[in-house]
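Residues per chain are reported as follows:
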Amino acid sequence: MKKRILCVCAAGLLLVSGCTSQNGEPEVELQPDFTVEAAVQPEYPILTVYTPLTEPEVSVYFDAFEKDTGIRVEWEHLSTPDMLERVRQERDAPQASVMFGGSSENYIAIAEQGLLEPYEPEGLEQIADIYQDAAHAWSPCYVGAICFAYNEETFAQEKLPLPQTWDDLLDPVFRGRIVMAHPSLSGTSYTIVAGLAQMRGEDAAFEYLKKLDENIAYYTKGGPYSPSAVGLGGAALCITFAHDALRQAHEGLPIKIIFPSDGTSYEIGAMALIRNADPREAQNARTFLDWVLSRRGQECYIDAKGERLPVNPGAKTAEGLTELDRVSIIRYDTQWCAENREHLIERFAQEIRAAEDPGDGEVIE
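Residues numbered from 1 in each chain as written. Predicted model: local features only at pLDDT ≥ 70, side-chain atom pairs only at ≥ 80, totals over all residues. Heavy atoms only, no water.

**Side note on the pairing of strand β2 (residues 72-77)**
Quick note on the threshold: DSSP bridges decide pairing: two strands pair if at least two such bridges lie between them. Numbering of helices and strands starts at the N terminus; helices are DSSP runs of H or I of at least 4 residues and strands are runs of E of at least 2.
Here strand β1 (residues 46-51) runs beside β2; their pairing, made up of six bridges, is parallel. From the neighbouring strand, Thr48 faces β2, where its bridge partner is Glu74.

This is the structure we're talking about:
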């Protein structure tokens, strides 16, 4: 079953030149790219967005979108859990028109509460069905896999063994040397916990997490904090999304990544229209989703050094980026993740460790 999913990933996502059948005929006809000339000048020049993506990455996307369309994005950074809660609280009078970024299982949960406006962006038909919501309540915009990120200098100096599997992280040599985010504060860490539960079964996963906790120095308050701590030498290793770790490496920190050979979970990054949002922004919001799925929008991942894998099969990827057909990804059931989110987070807090106060002014993804 794993081989089938990897094949779908390669065929539906990762071929830069487009998909072809065995007889050489194209299976997917790529749509024309988004162009400035094709963009209709907006009647209302503003779009309001909630996003768990952080500076400076997200500004690259919004600045490029404004340049192409004349639409200025006013955005607020919120952790994934906080973004969901804000949309719930504002259901009668939404203060934003779009949610952009974060794992799709979060969008599944909020779509079932009737808080998202279904929309099928231009070009969605190009994208592999495995990455889509059949009801189009949300749309995919990137893919990323969980990895181990380590400080290359620390490992070399202390001759630490490179972990290749999840069980390797239980080695006593890593006692107090590992960091990861807390799943109640971070969509990144929830993907880790939910992935382990699917790989091992829930009870076995929590037995593993209890053992892993003995090697955890502390739980960070958001996904990007973990690789930052590793890159700055505050920890030897972290568990995180590859794109967050590689972004730190681009900034000159001594970070390398390893994908666990015994399987890893991944996220389908999502975006969606918020139901009952400001009608003046309605067309701008649809234009934004169209733009993000275009080759132009998807290739902004390269400019932003975000290392996110595009879902548009015609988009180029950053040079040297590890593609999913080279990673042992599991069969990750996003519907199950959405249905079990509260239960798994509560169990983690009760059996492993409760979250600490995240404080003020700190970014969380």
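Having seen it, we continue.
**What about the confidence of the model for the protein chain?**
Convention followed: The predictor attaches a confidence to each residue, called pLDDT, with possible values from 0 through 100. Residues are treated as being in contact if the distance between any of their heavy atoms lies within 4.5 Å.
On average, residues of the protein chain carry a pLDDT of 86, and 86% of them reach 70 or more. Counting interchain partners and residues more than four positions distant, the pLDDT-below-50 stretch residues 1-32 has 65 contacts. With pLDDT under 50 throughout, residues 357-365 is counted as low confidence; its partners more than four residues away or in other chains account for 30 contacts.

**So, the packing of aromatic side chains**
Each pair of aromatic rings is reported with the distance of its centres and the angle of its planes. The cut-off we apply is this: Note on aromatic pairs: the rings of Phe, Tyr and Trp (six-membered ring only in Trp) are paired at centre separations within 6.5 Å, and the planes decide the class, stacked below 30 degrees, edge-to-face beyond 60, tilted for the rest. Relative accessible area decides the class of each residue, using a 1.4 Å probe on protein chains only: under 20% of the type maximum gives buried, over 50% gives exposed, and in between gives partly exposed. Think of it as a cone above the ring: NZ of Lys or CZ of Arg counts as a charge over the ring if it is within 6 Å of the ring centre and within 35 degrees of the ring normal.
Taken as a whole and judged by the stated rule, the model has 16 aromatic pairs. Measuring from ring centre to ring centre gives 5.5 Å for Phe65 and Trp291, while their planes differ by 70 degrees; the resulting arrangement is edge-to-face. With a gap of 226 residues between them, Phe65 in helix α2 (residues 57-69) and Trp291 in helix α10 (residues 282-293) connect regions that are remote in the sequence. Per residue, the accessibility class of Phe65 equals that of Trp291, and both read buried. Taken together, the aromatic side chains of Tyr61, Phe62, Phe65, Trp75, Phe100, Tyr142, Phe288, Trp291 and Tyr301 make up a single cluster linked through ring pairs. Taking the ring centre of Phe206 as reference, the NZ or CZ of Arg347 above it sits at 4.5 Å.

**Examining the packing of helix α6 (residues 187-200) against helix α7 (residues 202-213)**
Note the following rule: In this analysis, axes come from line fits to C-alpha atoms, helices being fitted only over the stretch in contact, and the angle between any two N-to-C directions falls in the range 0 to 180 degrees. Between 65 and 115 degrees an angle is taken as roughly perpendicular, under 35 as roughly parallel, over 145 as roughly antiparallel, and anywhere else as oblique. Helix crossings get a hand from a simple test, with the near helix turned counterclockwise from the far one by less than a right angle marking a left-handed crossing and a clockwise turn marking a right-handed one. Residue polarity is assigned by list, with Asp, Glu, Lys and Arg as charged and Ala, Val, Leu, Ile, Met, Phe, Trp, Tyr, Cys and Pro as nonpolar; anything else, Gly included, falls into the polar class.
Where α6 meets α7, the closest approach of the two axes is 7 Å, and the angle between their N-to-C directions is 125 degrees. Judged by the inter-axis angle, α6 sits oblique to α7. For the pair α6 and α7, the sense of crossing is right-handed. Touching Val193, Leu196, Ala197 and Arg200 of α6 are Glu202, Ala204, Ala205, Phe206, Tyr208 and Leu209, all from α7. Classifying every residue of the contact of α6 with α7 gives eight nonpolar, no polar and two charged.

**Re α6**
Operational definition: The span you would expect from a helix comes to 1.5 Å times its residue count less one. The definition of a polar contact used here is a pair of N or O atoms within 3.5 Å, where within protein one atom must be able to donate a hydrogen and the other to accept one, and adjacent residues in sequence count solely through side-chain atom pairs.
Compared with an ideal rise of 1.5 Å per residue, which puts 14 residues at 20 Å, α6 spans 20 Å between its outermost C-alpha atoms and is within 8% of the ideal. The buried count for α6 comes to eleven of 14 residues, which makes it a mostly enclosed element. Within the sequence span of α6, burial applies to Gly187, Thr188, Ser189, Tyr190, Thr191, Ile192, Val193, Ala194, Gly195, Leu196 and Ala197. One side-chain oxygen at the N-terminal end of α6 lies 3.1 Å from the backbone nitrogen of Thr188; it belongs to Ser186. Immediately downstream of α6, the backbone of Gly201 shows phi near 95 degrees, a positive value.

**Quick notes on the pattern of salt bridges**
Spelled out, the test is: Salt bridge, as used here: a side-chain nitrogen of Lys or Arg that lies within 4 Å of a carboxyl oxygen of Asp or Glu.
Overall, the coordinates contain 19 salt bridges when judged by the stated rule. Across the pair Glu57 and Arg308 runs a salt bridge, and its minimum N-O distance is 2.5 Å. Pair noted here: Glu57 is in helix α2 and Arg308 is in the loop between α12 (300-303) and α13 (334-351), with a separation of 251 residues, a long-range link. The same class applies to Glu57 and to Arg308, which are both buried. Arg347 is the salt-bridge partner of Glu351, the closest N and O atoms lying 2.9 Å from each other. Placement of both Glu351 and Arg347 in helix α13 is noted, with a separation of four residues, approximately one turn of the helix.

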